[in-house]
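Listed here are the chains, written in short residue letters.
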Amino acid sequence: MDNYSAPVDDIVAAMQLVGIEDVLSFPAFEGLNLEAVSEVLSGFARLADEVIAPTDRIGDTVGASIDASTGVVTTAPELAAAFSEYLKGGWTSLSAGAEAGGGGFPGVVATAMREMFGSANMALSLNPVLTQSAIELLERWGDERQQALYLSHLIDCSWTGTMILTEPDSGSDLGAVRTTATPIDDGSSGVQRWAINGTKIFITWGDHELTENIIHLVLARAPGAPAGTKGISLFVVPKFLVDHDGALQGRNGVRALALEHKMGIHASPTCVMQFDDAVGELVGPLHGGMAAMFSMMNPARVAIGVQGVSIGERSLQQAVTYANERRQGRAGDVNPAPIIEHPDVQRMLLDMTITVRAARLLVYATSLAADVANHHTDADVRAAALTRAELLTPLAKAWATDQGVRLSSLAIQVHGGMGFIEETGVAQRYRDARIAPIYEGTNGIQAIDLVGRKVGRDGGAAVRLLLDEIVVTANRASGIAALKQAADSVLLAVDKVATITTWIVETMRSDMQSVLAGATAYLDLVAMTVATELLLRECLASVESESAAAGRLVAQLHFFVVEHLDRAPTSASITFGADLLRAGLSGAGLNEVGVSG
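Residues numbered from 1 in each chain as written. Predicted model: local features only at pLDDT ≥ 70, side-chain atom pairs only at ≥ 80, totals over all residues. Heavy atoms only, no water.

1. Focus: the overall build of the protein
Selection rule: Each helix is a run of DSSP H or I of at least 4 residues and each strand a run of E of at least 2, with the numbering of both proceeding from the N terminus. Every radius of gyration here is taken over C-alpha atoms, with the globule rule written as 2.2 Å times N^0.38, N being the number of residues. Classification of residues uses two cut-offs on accessible area relative to the type maximum, computed with a 1.4 Å probe and protein chains only: under 20% is buried, over 50% is exposed, and between them is partly exposed. Whether two residues are in contact is decided by their heavy atoms, any of which lying within 4.5 Å being enough. Values of accessible area rely on a 1.4 Å probe in the Shrake-Rupley scheme; residue burial ignores everything except the protein chains shown.
Check the secondary structure of the protein and you find 20 helices and 11 strands. Relative to the 2.2 N^0.38 estimate, which gives 25 Å for 597 residues, the radius of gyration of the protein is 24 Å and therefore close to what a compact globule would have. Each principal axis of the C-alpha atoms in the protein carries an extent, and together these give about 80 × 60 × 55 Å. Expressed as a percentage of its 597 residues, the buried residues of the protein come to 55%. The long-range share in the protein, meaning contacts at least 24 apart out of those at least 6 apart in sequence, stands at 74%. Accessible surface for the protein amounts to roughly 23,500 Å². Of this, 54% is attributable to carbon and sulfur atoms.

2. Focus: a nonpolar patch on the surface
Selection criterion: In this analysis, a patch consists of residues with relative accessible area above 30% that form no salt bridge, clustered at 9 Å for like charges and at 5 Å for the nonpolar side chains Val, Leu, Ile, Met, Phe, Trp and Tyr. Between Lys or Arg on one side and Asp or Glu on the other, a salt bridge is scored when a side-chain nitrogen of the former is within 4 Å of a carboxyl oxygen of the latter.
Taken together, the side chains of Met418, Phe420 and Ile421 define a hydrophobic patch exposed on the protein surface, amounting to about 320 Å² of accessible area. Its location among the elements puts Met418 in the loop between α11 (379-415) and α12 (426-433).

3. A few points about the pairing of strand β9 (residues 248-251)
Convention followed: Pairing between two strands requires that DSSP report at least two bridges joining them.
Pairing geometry for strand β8 (residues 240-242) and β9, over two bridges, is antiparallel. Bridge assignment links Val242 to a residue of β9, and that residue is Leu248. Linking β8 to β9, which pair antiparallel, is a turn of five residues; within it Gly246 sits at a positive phi near 90°.

4. Comments concerning the environment of Val543
Relative to the elements of secondary structure, Val543 occurs in helix α17 (residues 519-544). For Val543, a relative accessible area of 26% puts it in the partly exposed group. It is 15 Å that separates the C-alpha atoms of Val543 and Ala13, two residues lying 530 residues apart in sequence. The contact partners of Val543, leaving out residues within four places of it in the chain, are Ile480, Leu483, Ala550 and Val554.

5. Some words on α12
With seven of eight residues buried, α12 is to be regarded as a mostly interior element. For α12, every residue scored as buried is listed here: Val426, Ala427, Gln428, Arg429, Arg431, Asp432 and Ala433. Turning to α12, the residues buried within the fold contact α4 (55-62), α7 (122-141), α9 (289-325) and α11.

6. Structural notes on the packing of α4 against α12
As a reminder of what qualifies: To obtain each axis, a line is fitted to C-alpha atoms, and for helices this fit is confined to the stretch in contact; angles are then taken between N-to-C directions over 0 to 180 degrees. If an angle is under 35 degrees, it is roughly parallel; if it is over 145, roughly antiparallel; if it lies from 65 to 115, roughly perpendicular; otherwise it is oblique. Take the far helix as the reference: if the near one is turned anticlockwise from it by less than a right angle, the crossing is left-handed, and if turned clockwise, right-handed. Charged residues are taken to be Asp, Glu, Lys and Arg, nonpolar residues to be Ala, Val, Leu, Ile, Met, Phe, Trp, Tyr, Cys and Pro, and polar residues to be all remaining types, Gly included.
At their nearest, the axes of α4 and α12 sit 11 Å apart, and the two run at 70° to each other. As summarised for this structure, α4 and α12 are arranged roughly perpendicular, according to the angle between their axes. For the crossing formed where α4 meets α12, the hand is left-handed. In this structure, α4 uses Asp56, Arg57 and Asp60 to contact α12, whose residues at the interface are Gln428, Arg429, Arg431 and Asp432. Across the contact of α4 with α12, the residue classes tally to no nonpolar, one polar and six charged.

7. Some words on unusual backbone geometry
In the Ramachandran plot, Cys157 falls in the positive-phi region, its phi being about 65° despite a non-glycine side chain. Relative to the assigned elements, Cys157 resides in the loop between α8 (144-155) and β3 (159-164). According to the relative accessible area criterion, Cys157 is buried, its value standing at 1%. Not every positive phi belongs to a glycine, and Glu546 is a case in point at roughly 55°. Its location among the elements puts Glu546 in the loop between α17 and α18 (550-563). The class of Glu546 is exposed, set by a relative accessible area of 71%.

Written out as structure tokens, the structure is:
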């Protein structure tokens, strides 16, 4: 009932739709083709299905534990064994360059692998997600010595990485970071070292026994630093000190103090970390830590977005299995009938099916835009692709993870009362999914990023360019009778997004609070418009090629349009303004925390 089977064909089809074959034609990927991509993903699918997925329930029930006297964190032995097999297969380096010992595949292929890993065991999959983010940060910001010391070990995952930002008094407000970094005069080494002191919380995989070293990337404040985010620097702080030749030395002054007791992802140790004169090195410029950290956070946000797809896919598989097995009520002449014969269950399963695919396409399109930005030979094309990737990132992170939560809840509903019982395993899907809209920047922060940075920086030009491309697809589809209704809905959504984008650009100059009041609804509208265009593009290709699946795909598209796009947030729900929020909360006992009537 709780088995997982990686949908490799669906994944490859999604990558084809968003343009992987174009990317494979770049010189950077010479020698690779779609067949090679399919083969490598099929190989990982076997590992996910047969080795990683069976540890999911074990990790949830056993969790992680800490020795309070030493700060050593351990996980279930089955997880360690599965992670060892993951390392042996060389899967950690799939998208790293061949010159660095990697597989040299596009990043979107690694995104697809992360989807399967996340479906198989979301908690365990977080470990390599953070490691990959550390690799990308050090590739961009580390000096030659740091890259030589750390990158090869992170690429083969013999060492893992963490992202250490949050403190007890500074959650999303990183400008309030108090952890200190003090220069150490260590004589003739020629390397400036720093003593890091402070406490950090919510550190995913902050300590564990799966690898021989952990490389912490830590935000701290150096002496004389200006207030706020402009005074934050970034430091690399290894769990075990590293000699100049890469050999491990003694334990550094960093340890886990405690583990958080969480709603879900129990197998992933979420640590309270203490730094006591821990030795670190500056990464990037002094007081330039936020810019460096964002180069780690942005790819991680796409990786978290794919977790919404992961959870949705596994929830769907569990719901379909149960709906075929569970018999209750009459359907035609059959009594009792499998509940999959009941229209309301069919509605839920269809919703799950099409939404998983929409979210997958959105996340993969975001990842592929980053591949173009990194590897296209034309600088102008790279710049345009980077702008597109940055625009899509908050959509992929927020909308996909919100859908993951909703779909896991639907899976519970399909199970009925048994869904609320832990033994079916479907409740774990919801408990695991619920963190994804929170970490790596809450989805509210993604909405702020979308309107404040991505729309605000160019007056909405990037959004309008995206809308122009959506119109091209919709106009093509309008000429096909089976797709005209869906295409018309997409064109209406485009007009709505364009009008509201203009309102945002004009209003943020004088009333940013009102823009922020509708930012989450705006993100949902844009994300649904983009996702529907991708589904429409899929249907176009299917109808034009006279695919046997065309009728099914068109029916699913129409369901998504009437159930989601046509019900998307309206102009009124986005532009109502901050005054309405303040008025609605006045007198509700909130004035003392700054809400005035």
